[in-house]
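Structural overview for review
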Amino acid sequence: MALIKPDTRRLISVIFKLAPIALRYRSDRREIKRAEGKLVRPEKYEEHARRAVDAFIELGPAFIKLGQLLSVRPDILPQPYIDQFARLQDEVPPAPFEEVRPTIEEELGAIERTFDSFDQAAVTGASLGQVYRAKYHGNEVVVKVNRPGIREKMAIELKVLHRLVPFVGRFIDESLRFSMGSVIEQFSDTIKEEMNYKQEAHNLLTIKHNLKTDKTVVIPEIFPEVSTEKVLVLQYIDGIKVNDIKALDEAHLDRKKLARKVARLFFKMLLSQDIFHADPHPGNISIANDGKIVLYDFGMAGTLDEETRVNLVRFYTALVNGNPQRIVEVMLNLGILQPQANRYVITRGVELALADMKGKKVEESEVKALMEVANRTIYQFPFKLPKNLVLYMRMLSILEGVCLALDPDFRFIKILGRLLEQEGLIEEAYSAELKEQIKRLRQALDASIDVAPMLKNYLEYQQQKELYGRPKRRLGFFSGALVGFGIFGVGLSLFYLGSETGKIGFTTSLLILIVGILIARR
């Protein structure tokens, strides 16, 4: 029996590998924090980020996939690190077929009896599975199989990652413990779902049902009788990889139209449905000869509850309209910002982001512009990325890269504006806005009701003072009214401090309150 458990041995090797990376990251993070988000020495940060990415690659598939999730976390990584981690690709040489054969035959029986033919050369290899071509009952199919021993390996990696979280808080920054814990939980859920092909089949069937009336997309059929948790058999659909620019041009396909179609498809899933494909990298999207979009690999799918989905619609409507105050309000509702956050600072940051996006050259990324502004202002207000938005951010970042490769003039904001209108989502956003304002008004009224007893007591106090010959009745009533209006105005304007009107209202109400108190003290 080994003296040290496998997960402990792995933990020691991971700590040894990541210790110098963590020390450099801690130094960079503190330096950027002291500079309030400014990149004082960008070349140094970029070099440290490159070394971090190299270390993650050497640590293997689990850390590569973890790095991909970290690449959309501006609450954890500074921008130079995000830029480097975004280049991590989940491409691993396939395991030899003789190591994979036992898994297929344990799940389905002898390959020769199950399939008409089976090509033993893997089409693709990734960290969790690999794909083969075959023929099943006369149908051209692809067979997706768990990598040999992957479940046992990932179980060890997940134990190691959970044990690393306290070290992050203790040796880097205690404020990171919650964020990193959230990342590891998200990563753990994602990995388990991706290895379970029954879950992938469910995702595929749900998305296929949701998009059944959309004539621009093709989704493969599943052969359920030969699909299990470890093996998935799907219809083979040929197509040109979405990033094969030369082949797309040779097929005389309009890449500008394709970029808009791809963006529209993914945002339609996100903003009007209950589940979305969360991994739109080029290997998972092909274009058929008739221009239809072919989607593969539904292992990574995101779900949003109705409240979050509606808030995202509101967010994009505000983004399209260039309304920074409304954007900040929605960010608060989404839980991205803490309630005690300085709304003025955040609103100013969003204004800069919108101005930066308008000033960008067309070949530059709008999503990246938003991420950079978030990074610059991250140390000035409490910020976190809720668990249910992590996959969404990853999807958005990858999707924009795909669309820009197809069309360098591609602009997300323009496409969003058209999509919101076509899908009837603008009306939904305005309806949600109206409900939000009614809710705020109700809260303000509740606050004013709470103030009423205090106002009554204050007026009674003034009347008592009058009995002793102090101020006149009229002056007491006037000062009480001023105090009442002042308290009500301050309470109401607190809900709108993110807007210019709210700030003016707050200042005016505060002045009325002070004047009322001064008169009462005479």
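Presented here is an overview of the structure given in this document. Since this is a predicted model, take the numbers as computed values, not measurements.

Moving on, we come to the pattern of salt bridges. With the rule as written, the count across this model stands at 26 salt bridges. Arg101 is the partner of Glu98 in a salt bridge, and the nearest nitrogen-oxygen pair spans 3.8 Å. On the criterion of helical spacing, the pair formed by Glu98 and Arg101 is a turn pair, its members being three residues apart in helix α5 (residues 97-108). On the basis of relative accessible area, Arg101 is assigned to the buried category, the value being 18%. We note a salt bridge from Arg133 to Glu140, for which the minimum N-O separation is 3.1 Å. Among the charged side chains, a salt-bridge network with shared partners connects Asp28, Glu31, Arg41 and Lys44.

Once that is clear, we can look at the packing of helix α11 (residues 255-272) against helix α12 (residues 306-321). At a closest axis distance of 8 Å, the pairing of α11 and α12 adopts a crossing angle of 125°. Taken as axis vectors, α11 and α12 run oblique relative to one another. Along its contact with α11, which presents Phe267, Leu270, Leu271 and Ser272, the element α12 presents Arg309, Leu312, Val313 and Tyr316. Taken together, the residues that form the contact of α11 with α12 break down as six nonpolar, one polar and one charged.

Together, Ile15, Phe167 and Phe171 make up a nonpolar patch on the protein surface, roughly 250 Å² of accessible area in all. Its place among the elements puts Ile15 in helix α1 (residues 6-34).

Pairing in this open sheet of four strands is mixed, and the strands run β5-β10-β9-β7 from one edge to the other. Each edge of the open sheet carries a strand with a single partner, namely β5 (217-218) and β7 (240-241). Contacts from α11 reach β5, β9 (285-287) and β10 (293-295) within the one sheet, and its direction differs from that of β10 by about 45°.

The next thing to look at is a positive patch on the surface. A cluster of like positive charges, contributed by Lys257, Arg260, Lys414 and Arg418, occupies part of the molecular surface. The residue Arg260 is located in helix α11 in this model. On the basis of relative accessibility, which here comes to 35%, the residue Arg260 falls in the partly exposed class.

Structurally, Asp7 is set in helix α1. Residue Asp7 is classed as buried on the basis of its relative accessible area of 12%. A polar contact of 3.0 Å, which involves the side chain of Asp7, links it to the side chain of Arg163. Beyond its immediate sequence surroundings of up to four residues, Asp7 is in contact with Ile156, Lys159, Val160 and Arg163.

On to the packing of aromatic side chains, then. As enumerated under the stated definition, the model contains nine aromatic pairs in all. Ring centres of Phe56 and Phe85 lie 5.1 Å apart, and the angle between their planes is 85°; this geometry places the pair in the edge-to-face category. Of this pair, Phe56 sits in helix α2 (residues 42-59) while Phe85 sits in helix α4 (residues 79-85), placing them 29 residues apart in sequence. For the pair Phe56 and Phe85, one class covers both residues: buried. With a centroid separation of 5.4 Å and an interplanar angle of 65°, the aromatic rings of Phe115 and Phe118 are classed as edge-to-face. These aromatic residues form a ring-pair network of at least three members: Phe97, Phe115, Phe118, Tyr132, Tyr136 and Phe223. The residue whose ring lies beneath Arg133 is Tyr236, and the NZ or CZ to ring-centre distance is 3.7 Å.

Cut-offs and rules
Residues numbered from 1 in each chain as written. Predicted model: local features only at pLDDT ≥ 70, side-chain atom pairs only at ≥ 80, totals over all residues. Heavy atoms only, no water. Salt bridge = Lys/Arg side-chain N within 4 Å of Asp/Glu carboxyl O. Helix = DSSP H or I, 4+ residues; strand = E, 2+ residues; numbered from the N terminus. Buried < 20%, exposed > 50% of the residue type's maximum accessible area, 1.4 Å probe, protein only. Axes fitted to C-alpha atoms, helices over the stretch in contact; angles between N-to-C directions. Parallel < 35°, antiparallel > 145°, perpendicular 65-115°, else oblique. Contact = heavy atoms within 4.5 Å. Nonpolar A, V, L, I, M, F, W, Y, C, P; charged D, E, K, R; others polar. Patch = residues over 30% accessible without salt bridge, like charges linked within 9 Å, V, L, I, M, F, W, Y side chains within 5 Å. Areas by Shrake-Rupley, 256 points an atom, 1.4 Å probe, with all protein chains shown as cover. Pairing = 2+ DSSP bridges. Lys, Arg positive; Asp, Glu negative; His and termini not counted. Charge placed at Lys NZ, Arg CZ, Asp CG, Glu CD. Polar contact = N/O pair within 3.5 Å; in protein donor to acceptor, adjacent residues only side chain to side chain. Phe/Tyr/Trp six-rings, centres within 6.5 Å; stacked < 30°, edge-to-face > 60°. Lys NZ or Arg CZ within 6 Å of the ring centre and 35° of its normal.

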